[in-house]
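# Chains, contacts and geometry: an overview
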Amino acid sequence: MKPHHQVLIIGGGPAGAAAAHTLAREGVDVAVIDKAAFPRDKLCGGLLTQRSRKIYQRIFTSAWDDVVCHTAHGVKFLHQGRLLSEVLDHRALCFTRRLEFDQHLLDQAIARGARVDLGDAVVGIDFTAKRCRLESGREIGYDTLIGADGVNSLVARGLFGRAFDPRTVAFALELEVDRTHHASALRDPEIHFGVARWGYAWVFPKRDTLTVGVGGLLARNPGLKTTFDAFLRDRFGSLPEGRIKGHHLPFGDYRKVPGRGDVLLCGDAAGLVEPITGEGIAFAMLSGHFAAEAIIESGHRPALPAYRARYRDITRDFDHANRLRHLLFPAPCERLFLKALPASESLAVQHLELMADEVGYGEYARHMFTRGMRRLGHTLLCRSAGRGGQ
């Protein structure tokens, strides 16, 4: 007899683990399938914001201290190597290695009773018969399917013909740099503007490494590898050793309808990476939790309507963020933002408060717009005074 589960989750990352934990806690028969054998690494800066902490504590029961490999209390904003603004002694920003963090979440789901099937990829889905075919030739049936299988989601491709829109997707390159050879004293993360178009670069400190990356809209950055090489040389004086990894990333272009009937999409598979801060872990966990709650609430009915009602709590913020990025990333606006940032410590603080979920996107946008217009007015006034003195 072929195995069958009430809920089958494809993908064992934060979204899949959060869904599995929530369902198993309520006694639902749930299984997680992932093509990788855990622990496995994943391209990700590994930033855990205070927003992430709140969501993690809402879902899981144990502390995450064991998988936090560095804690910072500030951030530096730079433009082409020049320090624009720095925040010190602020709310904690935690950093993790996805190798350890994802295993930690999945272990908690297993402890609650979720079944896990690793190292065997799903190669086909029959949505009518509600069966998944694995690379090994096995088949597993389900009543409800959750696609938490990342930006290249097989589930999304099966439902909508493609996993993402190449015109709106971002692409990131990342390298782990050995701290013993480069900038070992770095304590606070760095955000570098002016490196990629409609994007930025980052240097995130970990226990033994610096996670260095660059990301931006794929369509606007055709030579991203050359850009990244130049950034690495400028930042470290030479090209550090190590393997550069690349991956597509959602960029705010989330699925308006995150599934169909008894098939739900979560995390990167639903496009849930916020385009201003690049945060994805928090929204992956929250969407997985919401999908599980919707399944529990719906009983034998299709879970999508209940999921969409909760999903809107996430996408409402994404709508604000998508509007806001048009005040940040176009070249004229970016220049204005970069002029306003050094003159206003509060603007940098507001950015951290946004990541901590202490201010909303509307408040952040108003603050940025006010500071930007003030800076623009000052610039025009100076130019006018300069012409008057000629």
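Figured I'd write up the structure that's included with this text.

So, on to the overall build of the protein. Each helix and strand in the protein was counted, giving 10 helices and 18 strands. For 390 residues, the compact-globule estimate of 2.2 N^0.38 gives 21 Å, and the C-alpha radius of gyration of the protein, at 22 Å, lies within 12% of that figure. When its C-alpha atoms are laid out on the principal axes, the protein stretches across 90 × 45 × 40 Å. Each of the 390 residues in the protein was classed as buried or not, and the buried ones make up 57%. In the protein, of all internal contacts separated by at least 6 residues, the share reaching a separation of at least 24 is 69%. Put simply, the protein shows about 17000 Å² of open surface, and 50% of that area lies on carbon and sulfur atoms. Separation of charge centres in the protein, based on 52 positive and 44 negative side chains, amounts to 7 Å.

Let us now look at the sheet that holds strand β4 (residues 68-72). The three strands are arranged β3-β7-β4 in an open sheet whose pairing can be described as antiparallel. Each of the sheet's edge strands pairs with one partner strand only, and the pair in question is β3 (47-48) and β4. Sheet topology note: the β3/strand β7 (residues 93-96) ladder contains two bridges and is antiparallel. By the bridge assignment for β7, L47 is matched with F95.

Each strand in a sheet pairs with another by means of backbone hydrogen bonds, the pair being arranged parallel or else antiparallel. Reading across the sheet, the seven strands line up as β6-β5-β13-β14-β15-β12-β16 and stay open at both edges, with mixed pairing between neighbours. Edge positions in the open sheet fall to β6 (82-87) and β16 (245-249), since each of these has one partner strand only. Averaged over all pairs of adjacent strands, the angle between their axes in this sheet comes to 20°, without regard to strand direction. Bridging between strand β12 (residues 170-178) and strand β15 (residues 209-217) involves nine bridges; their strand directions are antiparallel. The partner of E176 across the bridge, within β15, is T211.

Turning to the packing of aromatic side chains, a few remarks are in order. Inspection of the entire model under this criterion finds 11 aromatic pairs. Judged by centre distance (6.4 Å) and plane angle (35°), the rings of W202 and F204 are tilted. Across this residue pair, the class does not change: W202 and F204 are buried. With 5.0 Å between their ring centres and 80° between their planes, F283 and F318 make a pair best called edge-to-face. Of the two residues, F283 sits in helix α6 (residues 281-298) while F318 sits in helix α7 (residues 304-324), which places them 35 residues apart along the sequence. The exposure class of F283 is buried, given its relative accessible area of 3%. Put simply, the rings of Y254, F283, Y307, Y311 and F318 touch in pairs and so form one group of aromatic residues. The cationic tip of R235 hangs over the ring face of F236; the distance from NZ or CZ to the ring centre is 5.1 Å. Note that K256 overlies the ring of Y254, its terminal NZ or CZ placed 4.5 Å from the centroid.

Looking now at the state of the cysteines. Applying the stated rule across the entire model yields zero disulfides. The structure places no disulfide on C69, whose sulfur is separated from the nearest cysteine sulfur, that of C94, by 9.6 Å. Counting only cysteine sulfurs, C266 is the nearest neighbor of C132, a cysteine outside any disulfide, at a range of 14 Å. Using a relative accessible area of 0% as the deciding quantity, one classes C132 as buried.

Cis geometry is adopted by the peptide bond preceding P39, which originates at F38 and carries an omega value of 0°. Residue position: P39 is located in the loop between β2 (30-34) and β3. Its identity as a non-glycine residue notwithstanding, D89 has a phi of 55°, on the positive side. D89 gets classed as exposed once you look at its relative accessible area, which sits at 75%. Phi at W198 takes a positive value of approximately 50°, unusual for a residue other than glycine. Along the chain, W198 turns up in the loop between β13 (190-193) and β14 (199-205). In this structure W198 comes out as buried when scored by relative accessible area, which is 10%.

Per the stated rule, a full pass over the model turns up one cavity of 30 Å³ or more. Reported here for the largest cavity is a volume of approximately 40 Å³. A class-by-class count of the residues in the lining of the largest cavity yields five nonpolar, three polar and one charged.

Looking now at the layout of surface pockets. Its boundaries defined by the atoms lining it, the second largest pocket holds a volume of some 270 Å³. As for the second largest pocket, its lining consists of 14 residues, and the residues nearest its centre are Q6, D143, T144, G299 and H300.

Moving on, we come to helix α1 (residues 14-25). Over its 12 residues, α1 extends 16 Å from the first C-alpha to the last, a length consistent with the 16 Å expected when each residue adds 1.5 Å. Most of α1 sits inside the fold, with 11 of its 12 residues counted as buried. For α1, the full list of buried residues reads P14, A15, G16, A17, A18, A19, A20, H21, T22, L23 and A24. Looking one or two residues beyond α1, the residue adopting positive phi is G27, at roughly 80°.

Procedures and definitions
- Residues numbered from 1 in each chain as written.
- Predicted model: local features only at pLDDT ≥ 70, side-chain atom pairs only at ≥ 80, totals over all residues.
- Heavy atoms only, no water.
- Helix = DSSP H or I, 4+ residues; strand = E, 2+ residues; numbered from the N terminus.
- Rg over C-alpha atoms; globule rule 2.2 N^0.38 Å.
- Buried < 20%, exposed > 50% of the residue type's maximum accessible area, 1.4 Å probe, protein only.
- Contact = heavy atoms within 4.5 Å.
- Areas by Shrake-Rupley, 256 points an atom, 1.4 Å probe, with all protein chains shown as cover.
- Lys, Arg positive; Asp, Glu negative; His and termini not counted.
- Charge placed at Lys NZ, Arg CZ, Asp CG, Glu CD.
- Pairing = 2+ DSSP bridges.
- Axes fitted to C-alpha atoms, helices over the stretch in contact; angles between N-to-C directions.
- Phe/Tyr/Trp six-rings, centres within 6.5 Å; stacked < 30°, edge-to-face > 60°.
- Lys NZ or Arg CZ within 6 Å of the ring centre and 35° of its normal.
- Disulfide = S-S within 2.5 Å.
- 1 Å grid on protein atoms, 1.4 Å probe; cavity = no way out; pocket = protein on both sides within 12 Å on 5 of 7 lines; lining within 4 Å.
- Points joined across faces, edges and corners; volume = space filled by probe spheres on them.
- Nonpolar A, V, L, I, M, F, W, Y, C, P; charged D, E, K, R; others polar.
- Expected span 1.5 Å × (residues − 1).

Coordinates in, geometry out; function isn't part of it.
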